[in-house]
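A look at the structure
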Amino acid sequence: MPSLKEFMEALAVAWPVALTALIGCTALLAGNAYGVRYATGIPEWILTIIFAVGIPCEVVELVNIRPVDAACTAIPIDAGHDDAAGRAN
């Protein structure tokens, strides 16, 4: 049986899978809390498992959030136009 560390490393490599699991777990827990017809019949022990799976997925997603590089967000300036009026030089 894999350890928690191995589970977290596997989720870190496959962060899209972790994001999908996080969204699915959140949807099921919210559906049960708001009384959605098909989610209200879920037994409490399954909700506990869903919650226990969702927390590591959330941690993986929070760890994978990185600041965007400023060079990627720079707006290119067309060399053939004036910046202020958009007229040709």
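Let me begin by describing the structure that accompanies this report. On a predicted model such as this, the values are computed, not experimentally measured, just so you know.

Some remarks on the overall build of the protein chain
- A tally of helices and strands in the protein chain yields 4 helices and 0 strands.
- Taken from N to C terminus, the helices and strands of the protein chain fall in the order α-α-α-α.
- Here the contacts in the protein chain between residues at least 6 apart in sequence split such that 53% fall between residues at least 24 apart.
- Here the protein chain displays about 7100 Å² of accessible surface, and carbon together with sulfur accounts for 69% of that area.

Notes on the environment of A10
- As for its placement among the helices and strands, A10 is situated in helix α1 (residues 4–13).
- Sequence-wise, A10 and V60 are 50 residues apart; in three dimensions their C-alpha atoms are separated by 9.9 Å.

As for the nonpolar core
- Membership of the largest hydrophobic core is limited to 5 residues, which are C25, A39, I42, L47 and I50.
- With sequence-adjacent residues up to four places away left out, I42 is seen in contact with L28 and L47.

Focus: the environment of V59
- By the element assignment, V59 lies in helix α3 (residues 44–64).
- Since its relative accessible area comes to 38%, V59 is described here as partly exposed.
- In this structure the C-alpha to C-alpha distance between V59 and M8, which are 51 residues apart in sequence, comes to 8.9 Å.

Brief notes about a nonpolar patch on the surface
- Residues W15, L19 and I23 make up a contiguous nonpolar surface patch of roughly 290 Å² in combined accessible area.
- Mapped onto the elements of the fold, I23 is located in helix α2 (residues 15–33).

About the criteria used
- Residues numbered from 1 in each chain as written.
- Predicted model: local features only at pLDDT ≥ 70, side-chain atom pairs only at ≥ 80, totals over all residues.
- Heavy atoms only, no water.
- Helix = DSSP H or I, 4+ residues; strand = E, 2+ residues; numbered from the N terminus.
- Contact = heavy atoms within 4.5 Å.
- Areas by Shrake-Rupley, 256 points an atom, 1.4 Å probe, with all protein chains shown as cover.
- Core = buried A, V, L, I, M, F, W, Y, C linked by side-chain atoms within 4.5 Å.
- Buried < 20%, exposed > 50% of the residue type's maximum accessible area, 1.4 Å probe, protein only.
- Patch = residues over 30% accessible without salt bridge, like charges linked within 9 Å, V, L, I, M, F, W, Y side chains within 5 Å.
- Salt bridge = Lys/Arg side-chain N within 4 Å of Asp/Glu carboxyl O.

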